[in-house]
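Residue-level structure breakdown
Single-letter residue listing:
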Amino acid sequence: MQGRTRGEKPLILSTITAAAGAVAPAVGSHIRFEDLGLHPDVFSIGFFTLRWYSLAYIGGILLGWWYLLKLLAQPGAPMARRHADDLVFYATLGIILGGRLGYVIFYAPEMFLHPLRIFRLWDGGMSFHGGVIGTSIGLILFARKHQLNWLRVHDYIACCVPFGLFFGRLANFVNGELWGKPTDVAWGIIFERTVPFGMVEPARHPSQLYEAGLEGVVLFALLWFAFWKTKARYDPGKLVGLFVLGYGIARFTVEFFREPDSQLRAFAEHTGLHMGQWLCVPMIVGGAYLVATSAKRRVRVESISGTASVA
């Protein structure tokens, strides 16, 4: 009996090894993130370090500002070009404050026990959903100050947001963060330090690039077509509704391929959805409502800089 057990031992080990290989994604043919030569820092001079994530924010805001000026040059603009500088200030403040507070509230509430950590923007991250809320509050305050239609102001800003989303997701990829679930697809990437030390790193979905494509490129194309090829800008709420609806659907979908935040893994298992997906549900509902009711809010649009009606 003992001889039989010893003889079966190699067979048992080989069977276990084969089974493990069938379950775990093959990693031999996949790209390793470390081989891409990417680094979170652009450059460092003394105590100053410029990070790609910071550059993504700056680039998104500047490019969005440039595009906003082009939108405002078209008939029916809800504000004049002179408002753009003030608007960018309010929007930027809303993005930073809302994004950070949103991250703390939705993803890391334990930071409230150590308030100083909230101001350390490099510790943790930013929440897009919080940024949307913060930006919306900033735009409403801006519109009230200048006596403008706040919903139409939102329409124009919504067309500019995909630039920031695109650069932001690319920065997430460069940082090697927010990676996706294990996969065996040919384009899977082996990121570093995604599993406990000693375990084999699996190939994962580059979910950051999925989001860059959907939230950045596809969403921009949708809003570009709606603004330039239709009269959507004359229906208050339609453009921002398309943005909120489109982002909600894109983010909700990509989350199925994305690994949940480590501190919220139990929450995802318990509720069946990631925190990001739950936060997208009201966006999808609200966006659909704004689009469906936008035609009812259409009124004759008066030029901000003149007296002639333009729609």
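Residues numbered from 1 in each chain as written. Predicted model: local features only at pLDDT ≥ 70, side-chain atom pairs only at ≥ 80, totals over all residues. Heavy atoms only, no water.

So, the overall build of the protein
Using the following cut-off: Only DSSP runs of H or I covering at least 4 residues are called helices, and only runs of E covering at least 2 are called strands; the numbering of each starts at the N terminus. In this scheme, a residue with accessible area under 20% of its type's maximum is buried, one over 50% is exposed, and one in between is partly exposed, where area comes from a 1.4 Å probe on protein chains only. We call two residues in contact when some of their heavy atoms are within 4.5 Å. Only the protein chains shown count as cover for residues, and the accessible areas themselves come from Shrake-Rupley with a 1.4 Å probe.
The number of helices and strands found in the protein is 10 helices and 4 strands. In the protein, the order of α-helices and β-strands from amino to carboxyl end is α-β-β-β-α-α-α-α-α-β-α-α-α-α. When burial is assessed residue by residue, the protein has 42% of its 311 residues classed as buried. Considering only contacts within the protein whose residues lie at least 6 apart along the sequence, 67% involve residues at least 24 apart. Accessible surface for the protein amounts to roughly 17200 Å². Of this, 68% is attributable to carbon and sulfur atoms.

Regarding the confidence of the model for the protein
Our working rule: For every residue, the predictor states its confidence as a pLDDT score lying anywhere from 0 to 100.
In the predicted model, the protein carries a mean pLDDT of 86, and the fraction of residues at 70 or more is 86%. Here residues 1–24 scores under 50 on pLDDT; set against residues more than four positions off or in separate chains, the count is 0 contacts.

Describing the nonpolar core
Here is the rule we go by: Here, nonpolar core means buried Ala, Val, Leu, Ile, Met, Phe, Trp, Tyr and Cys residues that are tied together by side-chain atoms lying within 4.5 Å of each other.
Among the nonpolar cores identified, the biggest contains 38 residues, and Leu-68, Met-79, Leu-87 and Phe-243 are the most heavily contacted of them. Looking at this core, the elements with two or more residues in it are α2 (52–72), α3 (84–106), α4 (128–146), α5 (150–158), α6 (161–174), α7 (207–229), α8 (238–254) and α10 (275–293). Core analysis: the second largest hydrophobic core is formed by 9 residues, Met-111, Ile-118, Leu-264 and Met-275 among them.

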